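Examination of the molecular architecture
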Amino acid sequence: MAKNFKITLSSDEVPKNWYNINADLPEPLPKPKNSEGHDQIAALEKAFTKAALEQEFSTERYIKIPNEVRELYMQMGRPSPLFRATRLEEKLNTPAKIYYKREDTSPTGSHKLNSAIPQAYFAKKEGVERLTTETGAGQWGTALSLACNLLDLECTVYMVRVSFNQKPDRKNIMNIYDGQVFASPSNNTKVGREILEKDPDHPGSLGIAISEAMEEALEYDNVKYTLGSVLNHVMLHQTVIGQELKVQLEKAEEEPDVMIACTGGGSNFAGALFPFIKDKIDGNSDTQFIGVEPSACPTLTKGSYEYDFGDTNGFTPLMKMYTLGHDFVAPTVHAGGLRYHGMSPQVSLLADHGLFEARSAHQQDVFKAGIMFARNEGVLPAPETTHAIKAGIDEALKAKETGEEKTIVINFSGHGMLDLKGYASYFEGTMPNSK
Ligand SMILES: *Cc1c(COP(=O)(O)O)cnc(C)c1O
């Protein structure tokens, strides 16, 4: 029998509900808090859409995906295919089977559109005219620009300055989708101006860009703020990935032994793995879960689990999460999407309960893994995605040593066709060998 090289689903197999892990967490999620003398929770209520906040605190296990959103998911190519990396398996000479879920097949090249679409949809329904946001590597800004354009909303993106300078093509593509892009810190906001006064060459950070985008939403009534990761409602939207993956693995008659995703703010990890982690919480699975982060921004592996702000300026409430401190500015590694100081509170709680293993990897090593993957499978992974691939290859090599025929599933969060500069610096030997 031919191997299952590619497992596809039809349009009507797009999930009908999002899965909300709040219903199944081993303990209730610690609530966000105000800092002394400030009311950030009120700010949150002003900055976000009602729908986003409702989903944020919901404990309903399944939340219905509006028909219009399901249709947009289909029009934008969902369900995404599951591929088997047979050539990589052969190259590694491993008895392990390696599967990868192709979120790179989204028109914007990553999983981010899964949350951009519903966030823009709910905003439009509530009469909002413009959405603001931050973007690190540019993936979220690209997805939100497209989603806003599909739903006839304006979009303003604050892009972390190092990424803005490293990735001019990202700004270009956001402009193509009709998004307005500013390098952050910028002169548009009070937060940005204050930082630029002290350091005109500040490289920026996700925390600062969040502060800038939120400041605008707090100032104008017809403007709302959106976040592309970290918050519960974003994790929720991303669970279309894992629910599709479940059906695909059933079709392939596979039980996953190891499941891997990279972790920046936690959304692709949550999306692909939460529906499977539910089974583990329920006692119905012994799958091993792995989250991989850069050693240059080791939130889960070196950070502490405590209340901290989501942004640099303290506009967001304090959330209990793994954090390196809200003023932490990660070295400028190419995986810009993994340079965040904090982590999804839901993912953090699961980590604290030992429900998955967090690992960190060095930049040189992940690019090496990404290139090996591209040379064998054809698809070029995003620098963020290479972290998951590195761990997948390590697990396949371990299986080779033990002779185990393990089934390894990698969430392939995005492609690297707009990150070629990072790959070039790998070949030129100019990659900053940060830690
Ligand atoms: C944004 C991004 C990430 C990191 O964000 P998460 O919220 O942790 O998923 C990873 N991979 C790609 C391709 C991204 O665009």
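Residues numbered from 1 in each chain as written. Predicted model: local features only at pLDDT ≥ 70, side-chain atom pairs only at ≥ 80, totals over all residues. Heavy atoms only, no water.

**Structural notes on the layout of surface pockets**
It is the rolling of a water-molecule-sized probe over the atoms that shows where space remains empty. Roughly 400 Å³ of volume is contained in the largest pocket. Around the largest pocket sit 29 residues that line it, and L29, P32, E56, F57 and N232 are the ones nearest its centre. When residues of the lining of the largest pocket are traced back to their parent elements, those giving at least two are α2 (50-57), α10 (206-219), α11 (232-238) and β13 (318-323). The element best represented in the lining of the largest pocket is α2, accounting for 4 residues. Of the residues in the lining of the largest pocket, the class split is 20 nonpolar, 6 polar and 3 charged. Taken together, domain 1 (6-14 + 77-109 + 238-428) and domain 2 (18-66 + 113-232) each give at least three residues to the lining of the largest pocket, which thus spans both. (1 Å grid on protein atoms, 1.4 Å probe; cavity = no way out; pocket = protein on both sides within 12 Å on 5 of 7 lines; lining within 4 Å. Points joined across faces, edges and corners; volume = space filled by probe spheres on them. Helix = DSSP H or I, 4+ residues; strand = E, 2+ residues; numbered from the N terminus. Nonpolar A, V, L, I, M, F, W, Y, C, P; charged D, E, K, R; others polar. Domains from an automatic or database assignment.)

**Topic: the packing of aromatic side chains**
All chains considered together, the criterion is met by 14 aromatic pairs. Ring geometry for F373 and F412: centres 5.4 Å apart, planes at 35 degrees, overall tilted. Highlighted residues: F373 in helix α16 (residues 363-377) and F412 in strand β15 (residues 407-412), separated in sequence by 39 residues. Given the relative accessible area of 1%, F373 is considered buried. One aromatic cluster is present, built from ring pairs that chain together F83, Y100, F373 and F412. (Phe/Tyr/Trp six-rings, centres within 6.5 Å; stacked < 30°, edge-to-face > 60°. Buried < 20%, exposed > 50% of the residue type's maximum accessible area, 1.4 Å probe, protein only.)

**A few points about the domain arrangement of the protein chain**
The domain architecture assigned to the protein chain consists of domain 1 (6-14 + 77-109 + 238-428) and domain 2 (18-66 + 113-232). Taking only C-alpha atoms into account, the centre of domain 1 sits 22 Å from that of domain 2. Contact residues are listed per partner, giving 54 residues for domain 1 and 59 residues for domain 2. Where domain 1 packs against domain 2, one counts 1 salt bridge. D419 is paired through a salt bridge with K167; the nearest N and O atoms lie 2.8 Å apart. At the boundary of domain 1 with domain 2, the tally comes to 14 residue pairs in polar contact (both at pLDDT 80 or more). At the level of elements, α12 (240-251), α13 (267-281), β12 (304-309), β13 and α15 (345-352) are the ones that each hand at least two residues to the side of domain 1 that touches domain 2. Taken together, the residues of the side of domain 1 that touches domain 2 sort by class into 23 nonpolar, 22 polar and 9 charged. (Contact = heavy atoms within 4.5 Å. Salt bridge = Lys/Arg side-chain N within 4 Å of Asp/Glu carboxyl O. Polar contact = N/O pair within 3.5 Å; in protein donor to acceptor, adjacent residues only side chain to side chain.)

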